[in-house]
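# Structural features, examined
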Amino acid sequence: MPAIRPQHLMSLADLSVGQIRFLLEHSRALKVAAKPLLGPRLKQFPPPVPFPSQNSLALMSIALLFSKRSTRTRVSAETATTLLGGRALFLGREDIQLGVNESVEDTTKVLSSMCQGIFARVGDHSEIEEMAKHATVPVINALSSLWHPTQTLADVMTLHEHSALFPPAPAFPRGPNDASKLQPLRPLTVTWVGDSSNVLHDLLVTLPRLGHKMRIATPSAPMYQCPTPVWDKVKELGCDKDIWWGSDPREAVHGADVVVTDTWISMGQEAEKEQRLKDFKGYQVTEALCKEGGANPNWKFLHCLPRKPYEVNDEVFYGPRSLVFPEAENRKWTIMALFDLLYGRWSIPELPEQVVSKTGPIEDAAL
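Every chain is numbered on its own, with residues counted from 1 as its sequence reads. Only residues with pLDDT of 70 or above have their local features reported here, since the model is predicted, and side-chain atom pairs are shown and tallied only from 80 upward, although totals for entire chains, interfaces and linings are computed over all residues. The basis for every side-chain value is the complete set of heavy atoms in the structure, and neither hydrogens nor water enter the calculation.

## Quick word on the packing of helix α2 (residues 72-83) against helix α12 (residues 324-343)
Describing two packed helices takes the angle between their axes plus the distance from one axis to the other. Structural elements are reduced to axes, namely lines fitted to C-alpha atoms, with helices fitted over the stretch in contact, and the angle between N-to-C directions of any two is expressed from 0 to 180 degrees. In DSSP terms, a helix is any run of H or I states spanning at least four residues, a strand is any run of E spanning at least two, and both are numbered starting from the N terminus. Between α2 and α12, whose axes approach to 8 Å, the crossing angle comes to 50°. Viewed along their axes, α2 and α12 adopt a mutual orientation that is oblique. Handedness of the α2/α12 crossing: right-handed. Note on element contacts: α12 touches α2 through A328, R331, K332, W333, I335, M336 and F339, opposite R72, T73, S76, A77, T79, A80, T81 and L83. In this classification, the charged set is Asp, Glu, Lys and Arg, the nonpolar set is Ala, Val, Leu, Ile, Met, Phe, Trp, Tyr, Cys and Pro, and all remaining amino acids, among them Gly, are polar. Residues that form the contact of α2 with α12 fall into these classes: eight nonpolar, four polar and three charged. Angles are sorted into four bins: roughly parallel if under 35 degrees, roughly antiparallel if over 145, roughly perpendicular if 65 to 115, and oblique for all others. Crossing handedness is read from the near helix: turned anticlockwise from the far helix by less than a right angle, it gives a left-handed crossing, and turned clockwise, a right-handed one. Contacts are assigned to residue pairs with any non-hydrogen atoms lying within 4.5 Å of each other.

## Notes on the pattern of salt bridges
In the sections that follow, a salt bridge refers to a side-chain nitrogen of Lys or Arg positioned within 4 Å of a carboxyl oxygen of Asp or Glu. According to the stated counting rule, one finds 15 salt bridges in the structure shown. The partner of K109 in a salt bridge is E105, and the shortest N-O contact between them spans 2.8 Å. Of the two residues, K109 and E105 both sit in helix α3 (residues 104-114), four residues apart, roughly one turn of that helix. A simple rule labels every residue: compare its accessible area, found with a 1.4 Å probe on the protein chains alone, to the largest value its type can have, and call it buried under 20%, exposed over 50%, or partly exposed in between. With relative accessibility at 44%, the residue K109 sits in the partly exposed group. Residue E105 is classed as partly exposed on the basis of its relative accessible area of 27%. A salt bridge links R276 to E272, with the shortest nitrogen-to-oxygen separation between them at 2.8 Å. Linked through salt bridges whose partners overlap, the residues forming this network are R28, K31 and E161.

## Focus: the nonpolar core
Side chains of nonpolar character tend, in soluble globular proteins, to be buried together. For our purposes a nonpolar core is just a set of buried Ala, Val, Leu, Ile, Met, Phe, Trp, Tyr and Cys residues, chained together by side-chain atoms within 4.5 Å. In terms of nonpolar packing, the biggest core is built from 65 residues, with F119, M336, L338 and F339 touching the most fellow members. In terms of residue count, the dominant contributor to this core is α12 (nine residues). With near-sequence residues (within four places) excluded, L338 lies in contact with L9, L23, I140, T150, L153, Y343 and I348. With 22 residues, the next largest nonpolar core counts V253, A295, W299 and F317 among its residues.

## Some thoughts on a positive patch on the surface
Taken together, the side chains of R69, R93, K273 and K308 define a basic patch exposed on the protein surface. Here K308 is to be found in the loop between β9 (300-303) and α11 (314-317). Residues enter patches when they are more than 30% accessible in relative terms and free of salt bridges; like-charged ones are connected within 9 Å and nonpolar ones (Val, Leu, Ile, Met, Phe, Trp, Tyr) within 5 Å. Throughout, the Shrake-Rupley method with a 1.4 Å probe supplies accessible areas, and for residues the shown protein chains are the sole cover considered. Charge convention: Lys and Arg are scored as positive, Asp and Glu as negative, and His as well as the terminal groups of each chain are ignored. Here the site of a charge means NZ on Lys, CZ on Arg, CG on Asp, or CD on Glu.

## Remarks on the confidence of the model for the protein
Regions with low pLDDT should not have their predicted coordinates read in detail. The quantity called pLDDT is the predictor's confidence in a given residue, expressed from 0 to 100. For the protein, per-residue confidence averages 91 on the pLDDT scale, and 90% of positions sit at 70 or higher. Note on residues 355-367: pLDDT under 50 across the span, and 37 contacts to partners over four residues away in sequence or across chains.

## Overview of the pairing of strand β8 (residues 258-261)
With burial as the criterion, each face of β8 is covered, one bearing V258 and V260 and the other bearing V259 and T261. The pairing criterion for strands is at least two bridges between them, as found by DSSP. Where strand β5 (residues 189-193) and β8 come together, three bridges link them in parallel fashion. Within β8, the position partnered with V190 by the bridge is V258. Relative to β9, β8 is paired through four bridges, and the arrangement is parallel. When the bridges of β9 are listed, V259 appears paired with F301.

## Here we look at the sheet that holds strand β7 (residues 243-246)
Read from one edge of the open sheet, five strands run β7-β6-β5-β8-β9, paired in parallel fashion. The open sheet has two edge strands with one neighbour each: β7 and β9. Averaged over all pairs of adjacent strands, the angle between strand axes in this sheet comes to 20°, irrespective of strand direction. Judged from the four bridges that link them, strand β6 (residues 213-217) and β7 form a sheet pairing that is parallel. When the bridges of β7 are listed, I216 appears paired with W245.

So, in structure tokens, the structure goes:
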């Protein structure tokens with residue numbers, strides 16, 4: 001009998017719309033079930049009650065293979081693994097032989113024999129593709145040069161949880177268990193102002209398939225344009241027809257419901273800082289930029305963090321438009337859902353496709 005091959009996740013482009021929807025719903029359900037158990041253990045409260053996925057990683061060890069610094073991704077992965085009953089092993093670049101005197105292939109084979117999943121934050125995307133090639137356990141991309149799937153899951157979950165901020169609000173009920181389900185979200189215009197980064201790339205292959213439109217502004221120099229492998233995937237999935245791309249941030253924010261940016265200087269690009277700051281002059285997200293460009297009056301703001309003030313000013317970042325801290329928290333719940341399904345169950349089911357209205361909310365076709 002041939003060995004069962006694990007399912008890996010390199011990008012959300014690897015998943016169908018139904019699988020993405022299932023992940024989002026599962027993330028919300030885990031959040032609602034687990035979060036109340038994590039408060040203060042006061043005497044007047046009963047002991048925590050286990051939730052359905054609490055032991056899905058029992059006796060399992062998950063390798064967190066990180067060659068880059070991390071706050072949200074690392075803390076999310078470690079705490080999610082604990083909640084699922086497993087143990088996370090943080091393996092930084094100074095901790096193991098990888099890259100010193102051991103190859104990616106050899107390291108991956110060893111980790112596959114001792115751990116039940118690999119969550120890898122790497123440099124060049126080819127590194128994680130090499131891991132997936134040799135792994136006999138599921139490999140999830142925690143970040144690579146091209147893709148950042150777990151960030152996009154958190155972004156989309158956050159927008160659904162705040163759907164009431166984007167009128168017209170959905171007019172139909174979800175049933176008696178609304179709290180544990182994501183609220184439906186009307187089609188949005190999401191604007192990206194900044195570099196063509198790994199965060200943007202997963203948004204490009206996800207948001208249009210969920211019924212949203214994207215408007216992108218990056219500097220016109222070739223180094224800031226979408227890499228060919230990413231744009232080929234965008235076109236293969238039919239997402240390009242719902243994407244506008246230019247170099248004027250004011251034009252990009254026209255009609256925006258959500259404005260998103262990211263670091264202008266990624267890890268490894270520090271030597272380019274002076275040139276990049278010149279190239280991104282005028283790209284700082286501010287109230288003035290969005291008003292001049294004609295963003296929707298109630299536009300909201302996302303940023304994956306960490307943030308620098310030249311990317312977005314304090315008025316927006318700490319103001320009522322900002323959803324950045326709920327967005328950061330949702331990294332935990334979406335990573336928890338991925339770990340539960342891919343490491344614990346080796347599959348991501350599908351929810352039925354949605355019927356997308358051009359003027360109303362995205363509705364369920366068969367729920």
